[in-house]
Amino acid sequence: MTQLSNRVAVITGASSGIGRATAKLLAAWGAKVAVLARRGDMLEQLVAEIKAAGGTALALTVDVTDQASVEAAAATVEQTWGPANLVFNNAGVMLPASIEERETGPWEHQIDLNVTGAMRVISAFVPQLVRSAEAGATADLINTSSIAAQNIYPYFAVYSATKAYVSHLTRHLRAELGPKNVRVSVVEPGCTETELQGHFKFPGAIAWLEGAKQTITFLKPEDVAEVVGFLATQPKHVNLQQVVVMPTNQAS
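Residues numbered from 1 in each chain as written. Predicted model: local features only at pLDDT ≥ 70, side-chain atom pairs only at ≥ 80, totals over all residues. Heavy atoms only, no water.

1. As for the sheet that holds strand 2 (residues 32-37)
Point 1. The strand order across the open sheet built from seven strands is 3-2-1-4-5-6-7, with neighbouring strands paired in parallel fashion. A strand with exactly one partner marks an edge of an open sheet, and here the two such strands are strand 3 (56-61) and strand 7 (242-245). Averaged over all pairs of adjacent strands, the angle between their axes in this sheet comes to 15°, without regard to strand direction.
Point 2. Across five bridges, strand 1 (residues 8-12) lies against strand 2 in parallel orientation. Opposite alanine 9, over in strand 2, you have valine 33 as the bridge partner.
Point 3. Set on the sheet, helix 5 (residues 157-177) makes contact with strand 5 (139-144), strand 6 (182-189) and strand 7; between it and strand 6 the angle comes to about 160°.
Point 4. Each of strand 4 (86-89), strand 5, strand 6 and strand 7 touches helix 7 (residues 221-232); the most contacted strand, strand 6, lies at about 160° to it. (Pairing = 2+ DSSP bridges. Helix = DSSP H or I, 4+ residues; strand = E, 2+ residues; numbered from the N terminus. Axes fitted to C-alpha atoms, helices over the stretch in contact; angles between N-to-C directions. Contact = heavy atoms within 4.5 Å.)

2. Some words on unusual backbone geometry
Point 1. Phi angles above zero are rare outside glycine, and tyrosine 155 is one such case at about 80°.
Point 2. Among the structural elements, tyrosine 155 can be located in the loop between strand 5 and helix 5.
Point 3. Accessibility expressed as a relative area gives 35% for tyrosine 155, which makes it partly exposed.
Point 4. One non-glycine residue, asparagine 181, lies in the positive phi region at around 65°.
Point 5. By the element assignment, asparagine 181 lies in the loop between helix 5 and strand 6.
Point 6. Given the relative accessible area of 53%, asparagine 181 is considered exposed. (Buried < 20%, exposed > 50% of the residue type's maximum accessible area, 1.4 Å probe, protein only.)

3. Examining the environment of alanine 59
Point 1. Topologically, alanine 59 is positioned in strand 3.
Point 2. Placed 148 residues apart in sequence, alanine 59 and alanine 207 show a C-alpha to C-alpha distance of 37 Å.
Point 3. When residues no more than four places from it in sequence are discounted, the contact partners of alanine 59 are Val35, Leu43, Glu44 and Val47.

See the structure below:
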C-alpha cells in the first residue's frame, strides 16, 4: 500500500502500544517513519521489524520532558528526510490515585509528560508542518487524548485533566493552523490494551481495571492505529477534528 508514500511521519511514544502499532501501519502504507521514545533498544527492534517488512524507519531516542532532546530529534528528521508532514503526538502516562493521597510526584509527572511534553513536540514540529503545507504537501498534527477527557472516573482526576487539555488545545490549534493548511486532529480512545495499565499502583484503580476487564473487550493498539491512518489518508481539504473510538461494550 502506497497511499502515504509522500509522507514524512513522526511518532512519539513509539516504543510500545498505540505508538508502536501506528508506526508499523504508517510504514506499511508507505510513509517514512521516525519513531521517538526514551527506550532506544525497543525503538531499534521496531525499526528492524519495519525494515524487514520493506518499510523505511529511523529510531530517535528522545525524552519529551526535555525540550533540547525534542528539538534535536526535529532537526535530525528534517536533515534526513526533509520537514515532517505527519506528526502523531502520542507520548503519555497514566498514574491514577486518590487525590487525598497527595502524591505530588505522579501529578507532576503526568502534567509534564501529557501536557508540557505534548507542547514541546508541538513547538518543535509545527514549523516543519507549516513549511510542508506551504510546499503543497498534506500536513497533519494528530494528538492522542482519551475518553477520560470527556467522562468522569474516580482516581483519574489528574490524568483526565491532562487529556482534557490536549483535546481542547487541539480545537484551538485547528483554528490557528487550519488557515495555513495544516490539519489538526485529536483521537480519544476508550479502554485500550497498552502497558499504561501496568503502571497502576493505587488499589482502587487496580480494582476498577480488573472490573472493567470482566465486562469490556478492550481495544487493541492496532485498532487505534487504523484510526490514525484513516485521518492521515483523507483528502487534503478534509479535517476530522475529533475522533472518539470506543470498545463496543464500553458505555462511557
